[in-house]
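Descriptive structure summary
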Amino acid sequence: NIYAARVNKILPGINAAFVTIAQNKSCYLSLNDAKNPVYTNKKSKKEGLCEGDEILVQVIKDALKTKDPVVTTKLSIFGSNVILTNFDTQIGVSSKLDKERAALLRKAVLSKCADHEKEGYGIIVRTNAKNVEDKAVSQDAYSVAQKYNQIIKKAPHQALYSCVYHGMSDYLLLMKTIDFATVEWIKTDCDDIYDSLLTEYGIYDDSAISLSTLYGIRGLIDNLTSRRVWLDCGGNIIIEQLETLTFIDVNSAKNISSGSNSILKTNMEAAKEIARQLRLRNIS
């Protein structure tokens, strides 16, 4: 989402600012991502970003445990086949498209967005536009440009903490990157996701059995939230996630066979399982 936010603190020592997007809702803003912000209310007479200024920011990372959400003044608006950005005023096309197709799409977008540099935005045509008609892609670009221009035009009149643009959920953004010619199934039994996919794309409904039951999802989730993960050899690993680090302990546990091969087997299985758990639990 994009919010009208207030700059509370600027900390040059860490090259960052803290802004609020709602009462008592603080967010982290890297000063590298705060160049040429869109002001809704420039409180300070000094040039550049100052404490007390009110600006438009977009959330790019949600809060995680004790960490604040991360925001940027580089605004992006997603269409079905394009992305609009206000930090690059070029008309770009995905490098995965061949040169001839890319040239046609760029020309089509320019026909609808000729004033993009003057109005301070750029358009990127995504890979999933490969099999879409040029006219549909250009219309999509025009639509997001109109939406952006309305946001900028209304910015000086926005009340503090207003949400001026509701962004798409992560799963819909992911769908924008997919070439549907390669997709056979989209499976969900979550009502809100189903409704939004039906609205956005139109999908076939087969509600014979819940996906949680079909794939044993509850058991998998329980396994991923457990401190202890068992290995085939009878050993286990203990995963402790703290605020500043994660540590993993390897135990022989029920693997009571003797000899160095037993220890090696436990460690080999643990190494593979640890790599898997790092990915599944998104441990960085």
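My aim in this report is to walk through the structure given alongside it, one point at a time. (Residues numbered from 1 in each chain as written. Predicted model: local features only at pLDDT ≥ 70, side-chain atom pairs only at ≥ 80, totals over all residues. Heavy atoms only, no water.)

Points about the overall build of the protein
Each helix and strand in the protein was counted, giving eight helices and 14 strands. Whereas a compact globule of 284 residues would reach a radius of gyration of roughly 19 Å, the protein reaches 25 Å, over 25% beyond that. If one aligns the C-alpha atoms of the protein with their principal axes, the spans along those axes are about 75 × 50 × 35 Å. Among the 284 residues that make up the protein, the fraction classed as buried is 35%. The long-range fraction of contacts in the protein, counting pairs at least 24 apart against all pairs at least 6 apart in sequence, stands at 56%. Accessible surface for the protein amounts to roughly 17800 Å². Of this, 52% is attributable to carbon and sulfur atoms. Here the protein contributes 36 positive and 33 negative side-chain charges, whose respective centroids are spaced 5 Å apart. (Helix = DSSP H or I, 4+ residues; strand = E, 2+ residues; numbered from the N terminus. Rg over C-alpha atoms; globule rule 2.2 N^0.38 Å. Buried < 20%, exposed > 50% of the residue type's maximum accessible area, 1.4 Å probe, protein only. Contact = heavy atoms within 4.5 Å. Areas by Shrake-Rupley, 256 points an atom, 1.4 Å probe, with all protein chains shown as cover. Lys, Arg positive; Asp, Glu negative; His and termini not counted. Charge placed at Lys NZ, Arg CZ, Asp CG, Glu CD.)

Focus on the pattern of salt bridges
Under the counting rule described, the total for this entry stands at seven salt bridges. With a shortest N-O distance of 3.5 Å, Lys 265 and Glu 269 are connected by a salt bridge. Residue Lys 265 and its partner Glu 269 are located together in helix α8 (residues 260-280), separated by four residues, close to a single helical turn. Assessed through its relative accessible area of 18%, Glu 269 is described here as buried. (Salt bridge = Lys/Arg side-chain N within 4 Å of Asp/Glu carboxyl O.)

Remarks on unusual backbone geometry
Located in the positive-phi region is Asn 24, a residue other than glycine, with phi close to 60°. In this structure, Asn 24 sits in the loop between β2 (16-22) and β3 (25-30). Its identity is not glycine, yet Ala 253 carries a phi of approximately 50°, on the positive side. Inspection of the secondary structure puts Ala 253 in the loop between β14 (246-251) and α8.

Some remarks on the environment of Ile 238
You can see Ile 238 is positioned in strand β13 (residues 236-241). Relative accessible area serves as the criterion here: at 8%, Ile 238 is assigned to the buried category. Counting along the chain gives ten residues from Ile 238 to Arg 228, while the straight-line C-alpha distance between them is 4.7 Å. Residues within four places of Ile 238 in sequence aside, it is in contact with Arg 227, Arg 228, Phe 247, Ile 248, Asp 249 and Asn 251.

Focus: the sheet that holds strand β8 (residues 82-85)
Ordered by their spatial adjacency, four strands build an open sheet running β7-β8-β10-β9, and the pairing between neighbours is mixed. Edge positions in the open sheet fall to β7 (76-78) and β9 (91-93), since each of these has one partner strand only. Averaged over neighbouring strand pairs, the angle between their axes works out to 20° when direction is ignored. With three bridges joining them, β9 and strand β10 (residues 122-125) adopt parallel strand pairing. Pairing of Val 93 across the sheet is with Val 125, part of β10. (Pairing = 2+ DSSP bridges. Axes fitted to C-alpha atoms, helices over the stretch in contact; angles between N-to-C directions.)

Overview of a nonpolar patch on the surface
Together, Leu 214, Tyr 215, Ile 217 and Ile 221 make up a nonpolar patch on the protein surface, roughly 340 Å² of accessible area in all. Only α6 (211-215) and α7 (217-224) provide two or more residues apiece to the nonpolar patch. Relative to the helices and strands, Ile 217 is located in helix α7. A residue is classified by how much of its surface remains accessible, and Ile 217, at 32% relative accessible area, is partly exposed. (Patch = residues over 30% accessible without salt bridge, like charges linked within 9 Å, V, L, I, M, F, W, Y side chains within 5 Å.)

So, the environment of Lys 25
Tracing the backbone through its elements, the reader meets Lys 25 in strand β3. With a relative accessible area of 37%, Lys 25 lands in the partly exposed category. For the pair formed by Lys 25 and Glu 119, sequence separation is 94 residues and the distance between their alpha carbons is 31 Å.

A few points about the nonpolar core
For soluble globular proteins, the rule of thumb is that nonpolar side chains tend to be buried together. By size, the foremost hydrophobic cluster in this structure holds 28 residues, and its most contacted members are Leu 56, Leu 84, Val 109, Ile 123 and Val 125. Of all the secondary-structure elements, those providing two or more residues to this core are β1 (2-11), β8, β9, α1 (99-112), β10, α3 (134-154) and β11 (163-165). Excluding anything up to four places from it in sequence, Val 109 contacts Ile 91, Ile 123, Val 125, Val 137, Ser 138 and Ala 141. Counting 14 residues, the second largest nonpolar core, distinct from the first, contains Tyr 3, Ala 5, Val 7 and Ile 21. (Core = buried A, V, L, I, M, F, W, Y, C linked by side-chain atoms within 4.5 Å.)

Structural notes on the pairing of β13
Note: strand β12 (residues 228-230) against β13, three bridges, orientation antiparallel. Counted as the bridge partner of Arg 228 is Ile 238 from β13. Adjacent in sequence and paired antiparallel, β12 and β13 are bridged by five residues, among which Gly 234 carries a positive phi angle near 105°. As defined by bridge partners, β13 adjoins β14 across six bridges and the pair is classed as antiparallel. Looking at β14, one finds that Ile 239 is bridged to Ile 248. Linking β13 back to β14 in an antiparallel pair, the connection comprises four residues.

Interpretation note: all reported values are geometric properties and have no functional meaning in isolation.
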